[in-house]
Amino acid sequence: MCSISHFSVRAVLIGLGCMSVVNIFSLTNGDAVIETVPAVGLGPSEVILLRTKRQLPFLSNWWNTPSQKSKIESSVQRYGNGNYHGKQRHSHHGHANRTSGMTVGNGVSERDPRFLSLFTIIKFDNSACLSASGDNGTCYPSAECTKRGGAANGKCAQGYGVCCVFSKSCGASTNQNCTYFTHNGYPSSYDGTGSCQLTVYKCSPDVCQIKLEFDSFNIAQPGPNGVCNNDQFIVSGSTTAVPIVCGVNTGNHMYIDVGVDNSPITLSVITSGPTYSRSWKVKITQIRCTELGRAPEGCLQYYKGVSGVIRSYNFDFTAGQQLSNQDYTACIRVERNFCGIRYTACNDNVQFNQQANQRTRAFSLNGQNAQTQIGAMVGATSCVADWITIPCATNSGRVMQQGGAICQDRICGDTFNSEVSMQQMPVYSYAKPFRIHYHTDANETNDVGNRGYCLNYIQQPCTPQQ
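The present account deals with the structure reproduced in this document. (Residues numbered from 1 in each chain as written. Predicted model: local features only at pLDDT ≥ 70, side-chain atom pairs only at ≥ 80, totals over all residues. Heavy atoms only, no water.)

1. A look at the pairing of strand E15 (residues 232-236)
Okay, so step 1: Side chains of E15 alternate between two faces, with Phe233 and Val235 buried and Gln232, Ile234 and Ser236 left unburied.
Okay, so step 2: Bridge count between E15 and strand E17 (residues 265-271): five bridges; the pairing is antiparallel. Note on E17: the bridge partner recorded for Ser236 is Thr266. (Buried < 20%, exposed > 50% of the residue type's maximum accessible area, 1.4 Å probe, protein only. Helix = DSSP H or I, 4+ residues; strand = E, 2+ residues; numbered from the N terminus. Pairing = 2+ DSSP bridges.)

And the structure:
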């Protein structure tokens, strides 16, 4: 979810005498939307609707007078800062206004006061919305969006709200959910050097996790030893270790554990070295401790669904390179009525050579040079530098595995197989939870051409015996 805010229900009485303190903001669906009543506090999901035609037709001629309409449309938009939480509010005439709710659309409610039908309160959820540019945002009244430092990008809530997009760059801070972190001048490329940092504060005390989605991420590749010497992406302030990454990571993600205190996390992009066409846009989503979408503790990557693709950071068939000092876990949520999981190496459409032992780089962890295929290696004795761990992995289906087939945990080499072989094979696991642990050592100099791994997964349904 891109929003943690929820609407608060308030009843407001506005009489004709309040006309002098009301500013009209905009026209929506033939009505005037008011976002300012200085004597009355509105929530971040409420606007006031002035009925000028449907309920008070005698005002139509006045409304359509060019001078009056111009005054209304050009009025200054402001926002009330009241703090009223009751179910009733009294006007200066001493009358109480009781309201009744009526839903007028998806997530939008209309409050019809019995006292006077001149004004109506429109409230809506501060829910996630899709902006006109395709970015995710949060639905707010226009003035509230401006107040929070966002940019209106399209309409929501049947036109009564705006899709508010939050974007921050170097040296900024944010406590808004669903914020985008970009470099200066985005979407143009960036060729500067230095440190670009964003400080992220919790938007609510019950936030336990922050998800980073790399919508676009391309900084300099590591050196020959796999270490990110020139450019680095660093996460500071997490309660669990987060590896330094660099290179191409578009489409990948991270789940960052932030604990129960209010300490911020800092996202830093360090750029140095030779000229390079860099670009990054990272979507930041805050996750409550009780949300179902929260990743299990210790899972830097978390995948949902019956099938999907898992990639190590900086994996790319043509330009990627395995990173040094990686030590993290990718987790897959066990879907209902599924008891196992099947992994296969991703399709490699890049032809590296035309030798009989045509190899792939979908799985290339260690011991590989430019021309020679070494095959799959398994076990702690063979895989001592770089490896992945799949609990009780076998090439066989559930019948043989349940019947006592020998399974391996540690797999490495340049061929994906749970047995020593030169051929790629599907690998199964029925150990729960579904996890892959990835480890690389501090130096990749002797592992020429390693890319890391890219694996397809598909969960296996349970049988009556399971």
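2. Here's the deal with the sheet that holds strand E13 (residues 194-200)
Okay, so step 1: If you walk across this open sheet you meet the four strands as E11-E13-E17-E15, and the pairing is mixed. Of all strands in the sheet, those bounded by a partner on one side alone are strand E11 (172-174) and E15. Averaged over all pairs of adjacent strands, the angle between their axes in this sheet comes to 15°, without regard to strand direction.
Okay, so step 2: Bridge count between E11 and E13: three bridges; the pairing is parallel. Among the inter-strand pairings, Ala172 is bridged to a residue of E13, identified as Leu198. (Axes fitted to C-alpha atoms, helices over the stretch in contact; angles between N-to-C directions.)

3. Overview of the state of the cysteines
Okay, so step 1: For the coordinates displayed, the defined rule picks out 11 disulfides.
Okay, so step 2: Across a sulfur-sulfur distance of 1.7 Å, Cys208 and Cys289 are joined as a disulfide pair. What sets the handedness of the Cys208 and Cys289 disulfide is the S-S torsion sign, and at about 75° it is right-handed. You can see Cys208 sitting in strand E14 (residues 207-218) and its partner Cys289 sitting in the loop between strand E18 (279-288) and strand E19 (301-303), a full 81 residues away along the chain.
Okay, so step 3: A relative accessible area of 28% means that Cys289 is categorised as partly exposed.
Okay, so step 4: Disulfide pairing is shown between Cys383 and Cys412; the S-S distance is 2.0 Å. Here the S-S torsion is close to -85°, and the disulfide linking Cys383 with Cys412 is therefore left-handed. (Disulfide = S-S within 2.5 Å.)

4. Regarding the sheet that holds strand E25 (residues 387-393)
Okay, so step 1: Strand order in this open sheet of six strands is E19-E21-E28-E25-E26-E24, and the pairing throughout is mixed. One side of each edge strand has no neighbouring strand; the edge strands of this open sheet are E19 and strand E24 (376-378). With strand direction ignored, the average angle separating the axes of adjacent strands in the sheet is 25°.

5. Overview of the pattern of salt bridges
Okay, so step 1: The final tally for this structure, using the stated rule, is eight salt bridges.
Okay, so step 2: The partner of Asp135 in a salt bridge is Lys281, with the nearest N and O atoms 2.7 Å apart. In this pair, Asp135 is assigned in the loop between strand E7 (128-130) and strand E8 (136-140) and Lys281 in strand E18, connecting sequence segments 146 residues apart.
Okay, so step 3: Residue classification places Lys281 among the buried positions, given a relative accessible area of 12%. (Salt bridge = Lys/Arg side-chain N within 4 Å of Asp/Glu carboxyl O.)

6. Some thoughts on the environment of Tyr276
Okay, so step 1: Tracing the sequence through the fold places Tyr276 in the loop between E17 and E18.
Okay, so step 2: With a relative accessible area of 26%, Tyr276 lands in the partly exposed category.
Okay, so step 3: The sequence separation of Tyr276 and Asp231 amounts to 45 residues, and the corresponding C-alpha distance is 9.8 Å.
Okay, so step 4: Not counting chain neighbours up to four residues away, the residues in contact with Tyr276 comprise Tyr190, Asp191, Asn218, Ile219 and Ala220. (Contact = heavy atoms within 4.5 Å.)

7. Considerations on the packing of aromatic side chains
Okay, so step 1: Counting across every chain of the model gives 11 aromatic pairs.
Okay, so step 2: Look at Phe217 and Phe233: their rings are 5.5 Å apart centre to centre, the planes differ by 80°, and that puts the pair in the edge-to-face class. In this pair, Phe217 sits in strand E14 while Phe233 sits in strand E15, placing the two residues 16 residues apart along the sequence. With respect to burial, Phe217 and Phe233 carry one shared label: buried. (Phe/Tyr/Trp six-rings, centres within 6.5 Å; stacked < 30°, edge-to-face > 60°.)

8. Observations regarding the side chain of Gln301
Okay, so step 1: Looking at where Gln301 falls in the secondary structure, it is placed in strand E19.
Okay, so step 2: Owing to a relative accessible area of 0%, Gln301 belongs among the buried residues under this scheme.
Okay, so step 3: A distance of 2.9 Å separates a polar atom in the side chain of Gln301 from a polar atom in the side chain of Asn252.
Okay, so step 4: A polar atom in the side chain of Gln301 sits 3.0 Å from the backbone oxygen of Arg311. (Polar contact = N/O pair within 3.5 Å; in protein donor to acceptor, adjacent residues only side chain to side chain.)

Everything listed here is a matter of geometry and, on its own, says nothing about what the molecule does.
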